[in-house]
Amino acid sequence: MDKPFDRICVMGLGYIGLPTAATLASRGVDVIGVDVNESVVAKISEGQSHFSEPDLDMLVRSAVSTERLRAVSEPEPADAFLVAVPTPFRADHNADLSCVEAAARAIARVLEPGNLVILESTCPVGTTLRFCEWIAEESPDLRLPHEEPANPDINVTYCPERILPGRMILELVENDRIIGGMTETCARRAEELYEIFVKGTLHVSNASTAELVKLTENAYRDVNIAFANELSMVCEKLDVDVWEAIDLANRHPRVNILKPGPGVGGHCIAIDPWFLIANAPEETRLMQAARRVNDVKSHAVLERVRRQMRRFREPVVACLGLSYKPDVDDLRESPALHIVEELARDDEMQLLVVEPHLKTLPATLAEAIHVEKVEMNDALSRADILVLLVGHREFRKVDMRKIYERVVIDTVGLWRVDRGEPR
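I will try to describe carefully the structure that is included in this document. (Residues numbered from 1 in each chain as written. Predicted model: local features only at pLDDT ≥ 70, side-chain atom pairs only at ≥ 80, totals over all residues. Heavy atoms only, no water.)

### Comments concerning the state of the cysteines
Tallied over the entire structure, the rule returns zero disulfides. Cys123 provides the cysteine sulfur closest to Cys268, a residue in no disulfide bond, and the two sulfurs are 12 Å apart. (Disulfide = S-S within 2.5 Å.)

### Comments concerning the sheet that holds strand E3 (residues 69-72)
Pairing within the open sheet is mixed, and its eight strands lie in the order E3-E2-E1-E4-E5-E6-E7-E8. Only two strands of the sheet have a single partner each, and these edge strands are E3 and strand E8 (202-206). Averaged over all pairs of adjacent strands, the angle between their axes in this sheet comes to 25 degrees, without regard to strand direction. Direction of pairing for strand E1 (residues 7-11) relative to strand E2 (residues 30-34): parallel, over a ladder of five bridges. Bridge assignment links Cys9 to a residue of E2, and that residue is Ile32. (Pairing = 2+ DSSP bridges. Helix = DSSP H or I, 4+ residues; strand = E, 2+ residues; numbered from the N terminus. Axes fitted to C-alpha atoms, helices over the stretch in contact; angles between N-to-C directions.)

### Regarding unusual backbone geometry
In terms of backbone geometry, most residues other than glycine have negative phi values and most peptide bonds are trans. Even without being a glycine, Asp239 presents a positive backbone phi close to 55 degrees. Looking at where Asp239 falls in the secondary structure, it is placed in the loop between helix H8 (207-238) and helix H9 (242-249). A relative accessible area of 52% places Asp239 in the exposed class. The backbone of Glu333 shows a phi angle near 55 degrees, a positive value even though the residue is not glycine. Inspection of the secondary structure puts Glu333 in the loop between strand E9 (316-320) and helix H12 (335-344). (Buried < 20%, exposed > 50% of the residue type's maximum accessible area, 1.4 Å probe, protein only.)

### Observations concerning the environment of Arg401
With respect to the element layout, Arg401 can be found in the loop between helix H15 (393-396) and strand E13 (407-410). In sequence terms Arg401 and Ile179 are 222 residues apart; their C-alpha atoms lie 52 Å from each other.

### Comments concerning the side chain of Ser334
Structurally, the position occupied by Ser334 is in the loop between E9 and H12. A polar atom in the side chain of Ser334 sits 3.2 Å from the backbone nitrogen of Leu337. (Polar contact = N/O pair within 3.5 Å; in protein donor to acceptor, adjacent residues only side chain to side chain.)

### Some details on the sheet that holds strand E11 (residues 371-373)
Sheet strands line up and pair through hydrogen bonds in the backbone, either parallel or antiparallel. In space, the five strands of this open sheet follow the order E11-E10-E9-E12-E13, with parallel pairing throughout. Each edge of the sheet is formed by a strand with only one pairing partner; in this case those strands are E11 and E13. Across the sheet, the mean angle from the axis of one strand to that of its neighbour is 20 degrees, orientation sign disregarded. Here E9 pairs with strand E12 (residues 385-388) via four bridges, running parallel. If you follow Cys319 over to E12, its bridge partner there is Val387.

### Some details on the nonpolar core
Ranked by size, the top nonpolar core spans 41 residues in total, and within it Ile8, Ile44, Leu69, Leu193 and Tyr194 carry the most contacts. Excluding its chain neighbours within four sequence positions, the residues that come into contact with Ile8 are Leu24, Val29, Asp30, Val31, Ile32, Ala78, Ala80, Leu82 and Leu193. With 40 residues, the next largest nonpolar core counts Ile32, Phe81, Leu97 and Cys123 among its residues. (Core = buried A, V, L, I, M, F, W, Y, C linked by side-chain atoms within 4.5 Å. Contact = heavy atoms within 4.5 Å.)

### Structural notes on the pairing of E8
Of the strand pairs in this sheet, strand E7 (residues 177-181) and E8 are connected by five bridges, and their pairing is parallel. Pairing of Arg177 across the sheet is with Leu202, part of E8.

### Looking at the environment of Phe51
With respect to the helices and strands, Phe51 occurs in the loop between helix H2 (38-45) and helix H3 (56-65). Sequence-wise, Phe51 and Val328 are 277 residues apart; in three dimensions their C-alpha atoms are separated by 9.4 Å. Look past the residues within four positions of Phe51 in its chain and what remains in contact with it is Gly14, Tyr15, Leu18, Pro19, Leu56, Met168 and Asp329.

These figures capture arrangement, not role.
Structure follows, in structure tokens:
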């Protein structure tokens with residue numbers, strides 16, 4: 001009979017690893033959290049999260065104070081290992097798996113027969129097999145499931161995360177999970193681990209299918225967002241209100257157009273489709289077109305802002321929001337941040353930035369003397385042009401009378417106004 005998971009090692013204490021580690025600890029499991037960033041380890045050791053997420057600080061504080069969660073810099077022996085390290089993409093849009101490989105080789109040195117290893121990082125199809133190979137290279141005495149599927153020493157499974165910033169703790173528990181084992185036995189063993197804290201349904205499959213499903217989910221969303229963004233650019237050219245057009249089109253019983261925005265950001269939708277495209281470049285032409293549309297959208301917003309700036313001798317532009325989605329402090333791949341960074345290159349204007357979820361401007365903006373972080377009321381009183389880039393709840397509270405005499409570029413439809421010069 002398999003032994004219980006009394007001690008679990010979580011590799012990577014970022015947006016996925018830390019909530020997972022804290023949640024496991026809240027279920028009475030001893031958790032070793034590993035991160036190569038010493039400042040992250042130090043902050044968690046003090047009982048604090050290093051990023052903003054509802055309920056996470058409380059969960060981390062409790063886990064650390066009860067000594068159920070301990071943050072360290074190197075993996076230690078455990079019953080199971082969860083790997084949730086970053087998988088960014090390189091300039092050629094191929095996945096950078098260096099962190100995944102480093103994690104595999106690091107845990108290989110402390111693995112023992114009977115251990116379970118789960119890879120949660122978003123990866124191209126075939127990565128879990130490579131993960132096994134890296135472990136085997138580092139610890140040749142261990143039998144891995146790709147070599148000995150009938151009787152491996154180590155069970156290896158791929159189980160992608162499916163949680164949304166702003167709702168991480170809730171969705172970590174409530175969402176269904178896809179468990180892709182290198183063998184069926186590997187998957188069943190991982191299923192036992194997730195039953196510790198997951199209330200959603202656990203769907204068992206194989207590793208390659210689970211890898212594909214994760215990429216498919218985000219590529220699907222990317223394609224649908226691209227349609228909305230492309231439609232918004234069509235509407236601008238034809239002088240049609242895109243928000244009204246979408247509202248009316250969605251009254252058809254089989255139409256559900258998403259909302260356009262300034263582009264697509266975050267670590268998932270803006271990146272994951274490229275992993276699938278890399279696996280099958282000739283078969284993914286629609287996905288590639290969607291990526292181009294969503295990347296171009298931020299350039300289209302920039303051009304609209306610059307066109308309005310020409311109306312003023314010394315324009316003051318207020319950009320509202322920097323994060324990639326509403327009500328979080330996450331700047332990863334944010335189109336709003338990209339737009340503001342590009343505007344900051346123009347020293348012929350004053351740029352005001354309102355971002356209620358950040359205490360200070362990111363380094364790419366902080367040193368520009370003509371860029372200033374301000375509160376919403378200050379932006380409303382000083383700006384000639386208001387550029388709404390992120391639909392934060394705080395921005396919904398704006399007194400519409402205060403923007404009446406401003407040029408308004410609403411990229412997310414929060415205010416349902418877009419007043420500029422006649423086209």
